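Next come the chains, spelled out residue by residue.
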Amino acid sequence: MNTAAFAYGRNTANPDAAGASHRGPDLSAIAAGLPAAVPFVGPETLERARGAPFRARLGANESAFGPSPKALAAMAEAARGLWQYGDPTSFDLKAALSRATGAPAASIVVGEGIDGLLGNLVRLLADPGAPVVTSAGAYPTFGYHVRGFGARLEEVPYREDREDLPALIARAAATGARLVYVANPDNPMGSHWSGADIEAALETLPAGTLLCLDEAYAEFAPDDALPQIGPDDPRVIRMRTFSKAHGLAGARIAYAIAAPSLAAAFDRVRNHFGVNRMAQAAALAALHDGEHLATVKAATERAKARIASIARNAGLVPLPSATNFVTIDLGADGKLARALVAALAEHGVFVRMPFLAPQDRAIRVTVGTDAALDVFEDVLPAALATARSAVDRA
Ligand SMILES: *Cc1c(COP(=O)(O)O)cnc(C)c1O
């Protein structure tokens with residue numbers, strides 16, 4: 001390719017071709033109606049804004065304990081083959097996932113993270129203007145896709161810091177929604193429903209409605225949080241990711257388990273070459289490294305206990321967590337939490353917080369290495385004092 005042809009501003013060969021009189025295209029009606037804001041401001045953007053890297057990256061629910069050494073080796077090997085497109089069917093990974101989960105390969109969909117799979121799912125089920133049910137303040141990417149396909153978000157409030165499962169299903173029944181989203185365990189509150197509760201809720205799901213069960217934190221959850229659901233059950237799609245416990249957030253790879261007819265429908269809309277070779281190789285290797293996973297789970301439990309005690313020592317209340325983060329109740333409103341997130345960032349600590357009241361009375365701190373938690377412990381009291389005085393002055 002002659003890249004010089006793309007050197008904008010230096011192509012004098014045909015000065016009249018793109019004159020100022022030519023107006024660019026209008027956006028589609030759906031896109032024109034979308035908010036311009038991005039759903040997540042990445043830590044890299046915040047680091048550029050503050051002019052320095054963070055000292056502790058505790059805001060994105062990544063695994064600071066890193067990927068399995070076997071996954072690292074598999075990626076290095078796969079890097080040599082990157083001149084080839086990845087297998088668009090992720091055949092080997094699906095076969096391994098099938099053995100690991102007991103679901104037939106025909107029930108498994110591999111995609112570019114749960115985020116990518118959620119977009120495909122919404123596109124498959126939601127017509128423009130149609131209702132889709134989620135919780136107000138739940139994991140935002142789901143709602144982002146619903147808006148992006150022009151469907152209508154029906155948002156149900158949390159109840160006692162949990163997604164309100166019965167109310168979500170009642171709203172689906174009342175609106176005739178085809179899709180209802182529940183993250184179990186939940187982000188950003190770290191709360192969960194038991195598997196038995198989910199199984200019971202399924203019995204009340206209206207005919208023609210699908211429950212999307214986002215299990216991004218399944219590996220960290222107590223065993224009783226995971227329902228027993230057949231892979232051919234047409235009422236549910238479950239999503240799992242390699243981003244969290246497996247430490248591969250940057251590789252972008254996750255999978256869903258659904259009835260084979262729904263799983264097959266993803267082929268109509270998905271980005272067939274979206275899951276790259278290194279990600280497939282890494283996921284396959286990670287799946288076979290149970291020892292690393294066990295190490296990460298143990299380190300996560302230790303880090304959660306430490307974050308909770310750091311919070312208590314600062315006079316704050318850590319909420320119970322079935323995930324790899326601890327949500328810390330500040331006992332005030334969103335103003336204090338926003339001020340604390342900003343003050344922590346000034347001290348070089350990246351954390352996030354729930355978007356909506358009353359959950360926005362808290363900050364959310366992801367597990368980290370001992371060194372990162374040392375920094376958090378060190379700066380929390382001063383950052384809290386700064387935040388409190390900023391709120392008092394306002
Ligand atoms: C982190 C997170 C995801 C993102 O998963 P990816 O596989 O990295 O896209 C999805 N859902 C929830 C609830 C999460 O917290």
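This is a predicted model, so every value here is computed, not measured.

### Section: the overall build of the protein
Part 1: Helix and strand content of the protein: 13 helices and twelve strands.
Part 2: Here the protein has a C-alpha radius of gyration of 23 Å; the compact-globule value for 394 residues is 21 Å, and the two agree.
Part 3: Taking all contacts inside the protein whose residues are at least 6 apart in sequence as the whole, residues at least 24 apart take part in 74%.
Part 4: Treating the 37 positive side-chain charges of the protein as one cloud and the 41 negative ones as another, the clouds have centres 4 Å apart.

### Re the pattern of salt bridges
Part 1: Enumeration according to the criterion identifies 20 salt bridges in this entry.
Part 2: With a closest N to O distance of 4.0 Å, arginine 252 and aspartate 115 form a salt bridge. One end of the pair, arginine 252, is in the loop between strand E7 (236–241) and strand E8 (254–257); the other, aspartate 115, is in helix H5 (residues 113–125), with 137 residues separating them in the sequence.
Part 3: Using a relative accessible area of 31% as the deciding quantity, one classes arginine 252 as partly exposed.
Part 4: Exposure remark for aspartate 115: the relative accessible area of 23% places this residue in the partly exposed category.
Part 5: Its salt-bridge partner being arginine 235, residue glutamate 203 comes within 3.3 Å of it at the nearest N-O pair. Of this pair, glutamate 203 sits in the loop between helix H8 (195–202) and strand E6 (210–214) while arginine 235 sits in the loop between E6 and E7; the two residues are 32 residues apart in sequence, bridging distant segments of the chain.
Part 6: A cluster of three or more residues bridged by salt bridges with shared partners is formed by Glu44, Arg57 and Glu62.

### Notes on the nonpolar core
One recurring pattern in soluble globular proteins is that nonpolar side chains are buried together.
Part 1: Among the nonpolar cores identified, the biggest contains 33 residues, and Leu118, Leu121, Phe142, Leu179, Cys212, Ile237 and Met239 are the most heavily contacted of them.
Part 2: Listed by contribution, the elements that provide at least two residues to this core are H5, helix H6 (140–148), strand E5 (179–183), E6, E7, E8 and helix H9 (260–265).
Part 3: Sort the elements by how many residues they give to this core and H5 lands first, with six residues.
Part 4: Dropping the residues within four chain positions of it, isoleucine 237 is found in contact with Leu121, Leu210, Leu211, Cys212, Leu213, Ala256, Ile257, Ala258, Leu262 and Phe266.
Part 5: Listed in part, the 32 residues of the second largest apolar core include Ala303, Val351, Ile363 and Val367.

### Comments concerning the site of the ligand
Part 1: If you check the shell around the ligand, you find 14 residues, and the closest are Asp214, Tyr217, Thr241, Ser243 and Lys244.
Part 2: Tyrosine 217 is positioned such that a nitrogen or oxygen atom in its side chain is 2.6 Å from an oxygen atom of the ligand.
Part 3: Taking 390 Å² as the accessible area of the ligand by itself, protein coverage stands at 95%.
Part 4: No other element matches the three residues that H5 contributes to the shell around the ligand.
Part 5: When grouped by side-chain class, the residues that make up the shell around the ligand number six nonpolar, four polar and four charged.

### A word on the side chain of glutamate 154
Part 1: Mapped onto the elements, glutamate 154 comes out in strand E4 (residues 152–156).
Part 2: Polar side-chain contacts of glutamate 154 include one of 2.8 Å to the side chain of arginine 171.
Part 3: Aside from chain neighbours lying at most four places away, what touches glutamate 154 is Pro131, Val132, Val133, Thr134, Arg171 and Thr175.

### Let's talk about the packing of helix H4 (residues 91–101) against helix H10 (residues 277–287)
Part 1: Packing of H4 against H10 brings their axes to within 9 Å, and their N-to-C directions diverge by 25°. By the angle between their directions, the pair H4 and H10 is classed as roughly parallel. Of the two elements, H4 crosses H10, and the hand of that crossing is left-handed. Touching Asp92, Leu93, Ala96, Leu97 and Ala100 of H4 are Ala283, Leu284 and Leu287, all from H10.
Part 2: Per-class residue counts for the contact of H4 with H10 are seven nonpolar, no polar and one charged.

### Quick word on unusual backbone geometry
Part 1: Each neighbour pair has its own omega, and for asparagine 184 with proline 185 the value is -5°, a cis peptide bond.
Part 2: Of the consecutive residues asparagine 187 and proline 188, the connecting peptide bond is found in the cis state with omega at 25°.
Part 3: Its identity is not glycine, yet glutamate 160 carries a phi of approximately 50°, on the positive side.
Part 4: A positive phi is found at aspartate 161, a non-glycine position, where the angle reads about 65°.
Part 5: Within the secondary structure, aspartate 161 sits in the loop between E4 and helix H7 (165–175).

### Overview of H7
Part 1: Among the residues making up H7, those that are buried are Leu165, Leu168, Ile169 and Ala172. End-on view of H7: buried residues confined to an arc of 95°, all on one side of the axis. Seen from the open side of H7, the exposed residues pointing more than 90 degrees away from its buried face are Pro166 and Ala174.
Part 2: Here the buried face of H7 lies against strand E3 (131–135), E4, E5 and H8.
Part 3: The positive-phi residue at the C-terminal boundary of H7 is glycine 176, with phi of around 75°.

What counts, and at which threshold
- Residues numbered from 1 in each chain as written.
- Predicted model: local features only at pLDDT ≥ 70, side-chain atom pairs only at ≥ 80, totals over all residues.
- Heavy atoms only, no water.
- Helix = DSSP H or I, 4+ residues; strand = E, 2+ residues; numbered from the N terminus.
- Rg over C-alpha atoms; globule rule 2.2 N^0.38 Å.
- Contact = heavy atoms within 4.5 Å.
- Lys, Arg positive; Asp, Glu negative; His and termini not counted.
- Charge placed at Lys NZ, Arg CZ, Asp CG, Glu CD.
- Salt bridge = Lys/Arg side-chain N within 4 Å of Asp/Glu carboxyl O.
- Buried < 20%, exposed > 50% of the residue type's maximum accessible area, 1.4 Å probe, protein only.
- Core = buried A, V, L, I, M, F, W, Y, C linked by side-chain atoms within 4.5 Å.
- Near = heavy atom within 4 Å.
- Polar contact = N/O pair within 3.5 Å; in protein donor to acceptor, adjacent residues only side chain to side chain.
- Areas by Shrake-Rupley, 256 points an atom, 1.4 Å probe, with all protein chains shown as cover.
- Nonpolar A, V, L, I, M, F, W, Y, C, P; charged D, E, K, R; others polar.
- Axes fitted to C-alpha atoms, helices over the stretch in contact; angles between N-to-C directions.
- Parallel < 35°, antiparallel > 145°, perpendicular 65-115°, else oblique.
- Left-handed = near helix turned anticlockwise from the far one by under 90°.
- Arc of directions from axis to C-beta.

Purely geometric stuff here, so don't read any function into it on its own.
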